[in-house]
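Summary of the model geometry
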Amino acid sequence: QVQLVPSGGGLAQAGGSLRLSCAASGSIFSISDMGWYRQAPGKQRELVAIITSGGTTNYADSVKGRFTISRDNAKNSEYLQMNSLKPVDTAVYYCYADIGVRVNFFNRYWGQGTQVTVSS
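Presented here is a report on the structure given in the accompanying data block.

Brief notes about the overall build of the chain
- The number of helices and strands found in the chain is zero helices and eleven strands.
- Taken from N to C terminus, the helices and strands of the chain fall in the order β-β-β-β-β-β-β-β-β-β-β.
- Relative to the globule expectation of 14 Å for 120 residues, the C-alpha radius of gyration of the chain, 14 Å, shows essentially globular dimensions.
- Dimensions along the principal axes, computed over C-alpha positions, put the chain at roughly 45 × 25 × 25 Å.
- Among the 120 residues that make up the chain, the fraction classed as buried is 39%.
- Once local pairs closer than 6 in sequence are excluded, the contacts in the chain between residues at least 24 apart make up 54%.
- Mean positive and mean negative side-chain charge positions of the chain (11 and 7 charges, respectively) differ by 2 Å.

Structural notes on the environment of Arg71
- By secondary structure assignment, the location of Arg71 is in strand S7 (residues 67-72).
- Between the C-alpha atom of Arg71 and that of Gly55, which follows or precedes it by 16 residues, the distance is 7.8 Å.
- In this structure, Arg71 is in contact with Ile31, Ser32, Asp33, Met34, Ile51, Thr52, Ser53, Ser77, Glu78 and Tyr79, ignoring residues within four places of it in sequence.
- Only 3.3 Å separates the side chain of Arg71 from the backbone oxygen of Ile31, close enough to count as a polar contact.
- In this structure the side chain of Arg71 is engaged in a polar contact, spanning 2.8 Å, whose partner is the backbone oxygen of Ser32.

Description of the sheet that holds S7
- Across the sheet, which stays open at both edges, the four strands sit in the order S1-S3-S8-S7 with antiparallel pairing between neighbours. Across the chains shown, the open sheet's two edge strands, defined by having one partner strand only, are strand S1 (3-8) and S7. Here the average twist between neighbouring strands, direction ignored, is 15°.
- Bridge count between S1 and strand S3 (residues 18-25): six bridges; the pairing is antiparallel. Bridging across to S3, Leu4 finds its partner in Ala24.

Remarks on unusual backbone geometry
- Even without being glycine, Ser84 reaches a positive phi, approximately 50°.
- Relative to the helices and strands, Ser84 is located in the loop between strand S8 (77-82) and strand S9 (91-102).

Focus: the pairing of S7
- Residues Phe67, Ile69 and Arg71 of S7 are buried on one face, while the alternating residues Thr68, Ser70 and Asp72, pointing to the opposite face, are not.
- Bridging between S7 and S8 involves six bridges; their strand directions are antiparallel. Residue pairing across strands places Ile69 opposite Leu80, the latter belonging to S8.
- Connecting S7 to the next strand, S8, in antiparallel fashion are four residues, including Asn76 with a positive phi near 50°.

Topic: the packing of aromatic side chains
- Here the structure, examined in full by the defined rule, presents three aromatic pairs.
- Three or more aromatic residues joined by ring pairs form one cluster here, namely Tyr37, Tyr96 and Trp110.
- We note Arg45 situated over the ring of Tyr94; from NZ or CZ to the ring centre the distance is 3.9 Å.

The rules behind the values
Starting from 1, residues in each chain are numbered consecutively following that chain's sequence as written. At least 70 in pLDDT is required for a residue's local features to be given in this predicted model, at least 80 for side-chain atom pairs to be given and counted, and no such filter applies to totals for whole chains, interfaces and linings, which use all residues. Derived side-chain values reflect all non-hydrogen atoms in the structure, with water molecules and hydrogen atoms excluded from consideration. In this description a helix means any DSSP run of H or I spanning at least four residues, a strand means any run of E spanning at least two, and both kinds are numbered starting from the N terminus. C-alpha atoms define the radius of gyration, and 2.2 Å times the number of residues to the power 0.38 defines the globule rule. A 1.4 Å probe rolled over the protein chains alone gives each residue an accessible area, and that area as a share of the maximum for its type sets the label: buried under 20%, exposed over 50%, partly exposed in between. By definition, residues are in contact when any of their heavy atoms lie within 4.5 Å. Counted as positive: Lys and Arg. Counted as negative: Asp and Glu, with His and the chain ends omitted from the count. Lys charges are placed at NZ, Arg charges at CZ, Asp charges at CG and Glu charges at CD. Side-chain atoms alone can form a polar contact between residues adjacent in sequence; in general such a contact is a pair of N or O atoms within 3.5 Å, and within protein one must be able to donate a hydrogen while the other accepts it. When DSSP finds at least two bridges between two strands, those strands are taken to pair. Axis angles are defined between N-to-C directions and span 0 to 180 degrees, where every axis is a line fitted to C-alpha atoms and, for a helix, only to the segment in contact. Note on ring pairs: Phe, Tyr and Trp rings are taken, using the six-membered ring of Trp, and paired if centres are within 6.5 Å. Classes follow the plane angle, with under 30 degrees stacked, over 60 edge-to-face and the rest tilted. Charge over a ring is defined by NZ of Lys or CZ of Arg lying within 6 Å of the ring centre and within 35 degrees of the ring normal.

Structure (structure tokens):
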């Protein structure tokens, strides 16, 4: 059974920083894309950042230049470094990973949401 366990998050002041982590465990053959979504109150879930197995990254325009996604393949983990935080970044953040439990058999797994609150 595969699990994604997030950590980090919490409360920060505007202009501050937070770091989110997400570790995958279980019967993992390989991991393809990893990423983060977020959902603010009353809004739809939006994609924040993606990182491919090769390290290519892509970001939502709203976080470009402020957030950095990274991964440690040896630890089956991904990270989201959030700098210059704004109150509009307040949301529940969800990590995901496209995990193969065997060759050519991938499923998307989600971590539990972690709250990020940015005060002005």
